[in-house]
Number of protein chains: 2
Amino acid sequence: MTPQRLVVVGGDAAGMSAAATARRRRSADELEIVAFERGSYTSYSACGLPYFVADQVESVDQLIARTPAEHRERGIDMRTEHEVTSIDIEARVLTATDRKGNEHVVDFDELVIATGATPIRPDLPGVDATGVHGIQTVYDGIALREHIEAEHLTEGHRAVVVGGGYVGLEMAEAMKLRGLEVTIVDAAPQPMATLDPDMGELVASAVRGLGIELRSETKCEGFVVDDSGHVRGVVTPDGDIPADVVVLGIGVRPNSVLARNAGIVVGETGGIATDVHMATSEKGVWAAGDCVETRHRVSGARVAIALGTHANKQGRIVGINVTGGNATFPGVVGTAVTKVCAYEIGRTGLTEREAKEAGFDFVAGTIESTTRAGYYPGAQPITVKMVAERGSGRILGAQIIGREGAAKRIDVLAAAIWNEMTVDDFWLVDLGYAPPFSPVWDPTLVAAYALASKVRR
Amino acid sequence: MTPQRLVVVGGDAAGMSAAATARRRRSADELEIVAFERGSYTSYSACGLPYFVADQVESVDQLIARTPAEHRERGIDMRTEHEVTSIDIEARVLTATDRKGNEHVVDFDELVIATGATPIRPDLPGVDATGVHGIQTVYDGIALREHIEAEHLTEGHRAVVVGGGYVGLEMAEAMKLRGLEVTIVDAAPQPMATLDPDMGELVASAVRGLGIELRSETKCEGFVVDDSGHVRGVVTPDGDIPADVVVLGIGVRPNSVLARNAGIVVGETGGIATDVHMATSEKGVWAAGDCVETRHRVSGARVAIALGTHANKQGRIVGINVTGGNATFPGVVGTAVTKVCAYEIGRTGLTEREAKEAGFDFVAGTIESTTRAGYYPGAQPITVKMVAERGSGRILGAQIIGREGAAKRIDVLAAAIWNEMTVDDFWLVDLGYAPPFSPVWDPTLVAAYALASKVRR
């Protein structure tokens, strides 16, 4: 019997999780697995790039969970430097172009699309100048780090980061750790647009307190480029900001062009539409990772969230289902954490703005506490904001800002939201208490209790 | 109209939470509140005593959340140094003895019993020698610290801690931080009897790795006392262990004598029996804190767990209910965290032994991971054990041992158990991911996924 062939497009977290899971569940006699990757790296942590750029992580190899050779050893026909250019679903065949421009036509029985996300690169004058760097792929990370090291950028030099979201803040930290003077240019009124403005304002204060210049509500209109083609500044309505290096951290969008061209349904978010099994509109075609949209469990809306943890989970779900299993991806609650120098930020569920958009009648409250018992050495400030449905008291969302020990407290709130707990349920949950870890009332419980009376008014 | 009178017996977390909550909900015109405390301190953190003894917390005042004067300012008739010696429930009256031996008879409409727990002090030869210290009350902490400082106990001196539970380990850390050579004498085969033996063995290795001598399966049979009445060692079947100071950390039992003598029903655990409203068997008599027993949500069994966080919650529940509100204490899942030097330990739900006792058919699995992405600076080892019901996959319990960032991960597992999640539900929960906080698969998710295939066999 000829084995079935599974073809995976995209060699990063989602695609290779699908491939590896399928491989573990089916022998090569039953299932042939071919995976295409445009670049030469596989299964790497893009999330780790800011720390590589900062030289907190020495070698890019440390970010690679599994190399192409390791995938091949495990029985996956891993074809790097092959870009899939078209898919003919009816004919069950796709075309890939290798580095030399040769075309390869490969047929498949089952197909996994895991083409990831594409960084938003604004079409602005000077964006292609030397020293203007995106930060999405390993190549971007290597290029930026080589640039910094080749030009000996350190104290006395200036970096401008365009964008005040997760990547922007992480790259601001990286540049700061490199010794550069850092300016963030952000079109939004506050950094971290995934937080409510009041919490974003706390982030803004924290960032400024770190000695990072934050230019909010400031549009990047282009780049100052010298005669050698090197960036020398960022153009804004308030004047030019000098820069020896510029990092773009404006965000990403699902890379769903290949799928769309093949006739696969793409949602309004720009992400490939899938059902709970991660099956696309086309039979035997699956999708996972940053290229898909998924269901937000609280709002019910479709969302496209580029995050390695979702990509890994969805990839595994596909690997199970494509081999005859039955696993469902339950959606997300929008949990995210980030760190900028000594500050930690976490969020889950809906912000006030999102709750309003979703049509909830809600109340919100914010409390301040400490990460450990107040008297215990190293107790750090933590601010917890919670949003709950009026009447029912169901927790809709939470946001955290604090120092060491703050951000991962979002997990227990994510679990509470996941399980549709109310503030009245939650303030009595049996969380771990000892002075080195928490005040006797964990800050998350304090936030819930503070809201409990408000939801009933 | 004469106001009702609420009398509280016990001036620590549970009693004063009840009093403070009732005070916030009722004015003095409606409700008079009288609180009796045997000692002269109120609302203090007994959990903080090891850190006070270690001199990580400078002053005992830092452990006091609210002084007697502060309670009085808030309209509570706080009577310290008054020991309640008997209660006549039928007559609605109790008798208290002050420091001078004078008796005071006080009547009440509603009564809250919050008499805490009593340390187990073994009736062994020499237990009353100078230098043998319990560590339950502020007085114990002050006495031990004064002893250490008066005798200049530091490097070159020896401490023996009797008991290898939370308090024993925390006190071992405190003595270590003081520079003493520390031996733990523990009757059990492994420290932390609230963990399974395999996890306890990891704790044993960790403790030994810290340079603490651990004598497991070693009974303390008495104390070597010199002519001046000062302890000089601990007697064991394997010979005497020299000691300049001895700390007893053997455990506590609910202090329910007063209640029992008054005819209030006490459970088999020795804790006062209450319903979900924290009402005792007698109308208008409530109980909260270390003196009560409560329901374990997983086993369904009654348990007596002395922990400040339960005491605070139960006290607040009483304060709400005694003033006409309706709040219920939902029970516990046995969550606990502790730290011994660089090691963190957490547990929640049932251990294998407890699951067996409760009659569950279960499987267990243990995984190793890191607290942050493996490549991120400061990533620390973490071991997670999980116990789940065979068939259903319901998570029954979890245990964690690791270094910085390990223990509080127990919270999300406590929330999972609280909500009766299965391993299949849990490995897909949307937890916070970023390299400084977690590998792309949080260790708790890895533990659940590892068990997912096992539960079905």
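Conventions adopted
Residues numbered from 1 in each chain as written. Chains lettered and ligands numbered in written order. Predicted model: local features only at pLDDT ≥ 70, side-chain atom pairs only at ≥ 80, totals over all residues. Helix = DSSP H or I, 4+ residues; strand = E, 2+ residues; numbered from the N terminus. Buried ≥ 20, exposed ≤ 12 C-beta atoms within 10 Å, placed from the backbone. Contact = placed C-beta atoms within 7 Å. Expected span 1.5 Å × (residues − 1). Domains from an automatic or database assignment. Nonpolar A, V, L, I, M, F, W, Y, C, P; charged D, E, K, R; others polar. Least-squares fit on C-alpha atoms with pLDDT ≥ 70 in both. Pairing = 2+ DSSP bridges. Axes fitted to C-alpha atoms, helices over the stretch in contact; angles between N-to-C directions. Left-handed = near helix turned anticlockwise from the far one by under 90°.

1. A look at the overall build of chain A
- Helix and strand counts for chain A come out as 12 helices and 25 strands.
- With the principal axes as the frame, chain A shows a C-alpha extent of 70 × 60 × 40 Å.
- Counting every position in chain A, which comprises 457 residues, the buried fraction comes to 57%.
- Partitioning the intrachain contacts of chain A with sequence separation of at least 6 by distance along the chain shows that 66% fall at a separation of at least 24.

2. Quick look at helix H5 (residues 166–177) of chain B
All names here are of chain B.
- The terminal C-alpha atoms of H5 lie 17 Å apart, and with 12 residues this matches the ideal 16 Å at 1.5 Å per residue to within 8%.
- Across the 12 residues that make up H5, a large majority, 11, are buried.
- Glycine 179, located one to two residues past H5, shows a positive phi value of around 95°.

3. Focus on the domain arrangement of chain A
- As assigned here, chain A comprises domain 1 (4–45 + 62–118 + 253–321), domain 2 (132–248) and domain 3 (343–456).
- Using C-alpha coordinates to define each centre, domain 1 of chain A is positioned 32 Å away from domain 2 of chain A.

4. With respect to the interface of chain B and chain A
- Taken together, the contacts link 49 residues of chain B with 49 residues of chain A.
- Of all the secondary-structure elements, those providing two or more residues to the side of chain B that touches chain A are helix H8 (308–321), strand E21 (336–340) and helix H10 (410–418) of chain B.
- Considering each element in turn, the side of chain B that touches chain A owes the most residues, 7 residues, to H10 of chain B.
- A class-by-class count of the residues in the side of chain B that touches chain A yields 32 nonpolar, 12 polar and 5 charged.

5. Structural notes on the relation of the copies chain B and chain A
- When chain B is fitted to chain A, the residual RMSD is 0.0 Å, and the transformation amounts to a turn of 180° plus an axial shift of 0.0 Å. As the rotation angle and translation indicate, the two copies are arranged about a two-fold axis. Within chain B, the C-alpha atom positioned nearest to the axis of rotation is that of valine 412 of chain B, 2.3 Å from it.
- A symmetric contact is evident, with 100% of the interface residues of chain B recurring at the interface of chain A.

6. Focus on the sheet that holds strand E13 (residues 222–225) of chain A
Residue and element names in this part refer to chain A.
- Judged by pairing direction, the sheet is antiparallel, and its 3 strands sit side by side in the order E13-E14-E15 without closing on themselves. Whereas interior strands pair on both sides, the edge strands pair on one side only; in this sheet they are E13 and strand E15 (239–242). Adjacent strand axes in the sheet meet at a mean angle of 35°, parallel and antiparallel pairs treated alike.
- Looking at chain direction, strand E14 (residues 231–236) and E15 are connected through 4 bridges and run antiparallel. Paired with valine 234 across the bridge in E15 is isoleucine 241.

7. Examining the packing of helix H1 (residues 13–25) of chain B against H8 of chain B
Residue and element names in this part refer to chain B.
- Packing of H1 against H8 brings their axes to within 7 Å, and their N-to-C directions diverge by 35°. Seen along the crossing, H1 lies across H8 with a hand that is right-handed. In this structure, H1 uses Ala13, Ala14, Gly15, Met16, Ser17, Ala18, Ala19, Ala20, Thr21, Ala22 and Arg25 to contact H8, whose residues at the interface are Gly308, Ala311, Asn312, Gln314, Gly315, Arg316, Val318, Gly319 and Ile320.
- Of the residues belonging to the contact of H1 with H8, the class tally is 10 nonpolar, 8 polar and 2 charged.

8. Re H1 of chain B
Residues and elements named next belong to chain B.
- Counted at 1.5 Å a residue, the expected span for H1 with its 13 residues is 18 Å, and the 18 Å between its end C-alpha atoms agrees.
- Burial runs high along H1: 11 of the 13 residues are buried.
- Listed as buried for H1 are Ala13, Ala14, Gly15, Met16, Ser17, Ala18, Ala19, Ala20, Thr21, Ala22 and Arg23.
- Residues of H1 that are buried in the fold lie against strand E1 (4–9), strand E2 (31–37), helix H3 (68–73), strand E7 (110–113) and H8.

9. Here we look at the pairing of strand E24 (residues 381–389) of chain B
Residues and elements named next belong to chain B.
- Summarising burial for E24: 7 of the 9 residues are buried, a large majority.
- Sheet analysis places strand E23 (residues 362–370) next to E24, joined by 9 bridges and oriented antiparallel. Across the sheet, valine 363 pairs through a bridge with alanine 388, a residue of E24.
- Here E24 runs beside strand E25 (residues 395–402); their pairing, made up of 7 bridges, is antiparallel. Bridged to valine 387 within E25 is glycine 397.

10. Here's the deal with the pairing of E14 of chain A
Residues and elements named next belong to chain A.
- Bridge analysis of E13 against E14 gives 4 bridges, and the strand direction is antiparallel. Bridge pairing in E14 places valine 224 opposite glycine 233.
- Hairpin connection, E13 to E14: the antiparallel pair is bridged by 5 residues, and glycine 229 has positive phi, about 85°.
- Remark: 2 residues form the turn of the hairpin made by E14 and E15, two consecutive strands paired antiparallel.

11. Some details on the environment of arginine 409 of chain A
Residue and element names in this part refer to chain A.
- Checked against the element boundaries, arginine 409 lands in the loop between strand E25 (395–402) and helix H10 (410–418).
- Sequence separation between arginine 409 and glycine 346 is 63 residues; the distance between their C-alpha atoms is 7.9 Å.
- Those residues in contact with arginine 409, other than ones at most four positions away along the chain, are Gly346, Ile400, Pro443 and Thr444.

12. Here's the deal with the sheet that holds E24 of chain B
Residue and element names in this part refer to chain B.
- In spatial order, the strands read E21-E22-E25-E24-E23; together these 5 strands make up an open sheet with antiparallel pairing. In the strand order of this sheet, the two ends are held by E21 and E23, each with one partner. The mean angle between the axes of side-by-side strands here comes to 10°, regardless of whether they run parallel or antiparallel.
- Inspection of the sheet shows strand E22 (residues 343–349) paired to E25 by 6 bridges, in the antiparallel sense. Counted as the bridge partner of isoleucine 345 is isoleucine 401 from E25.
- Packing against the sheet, helix H12 (residues 443–456) makes contact with E23, E24 and E25, and its axis sits at approximately 145° to E23.

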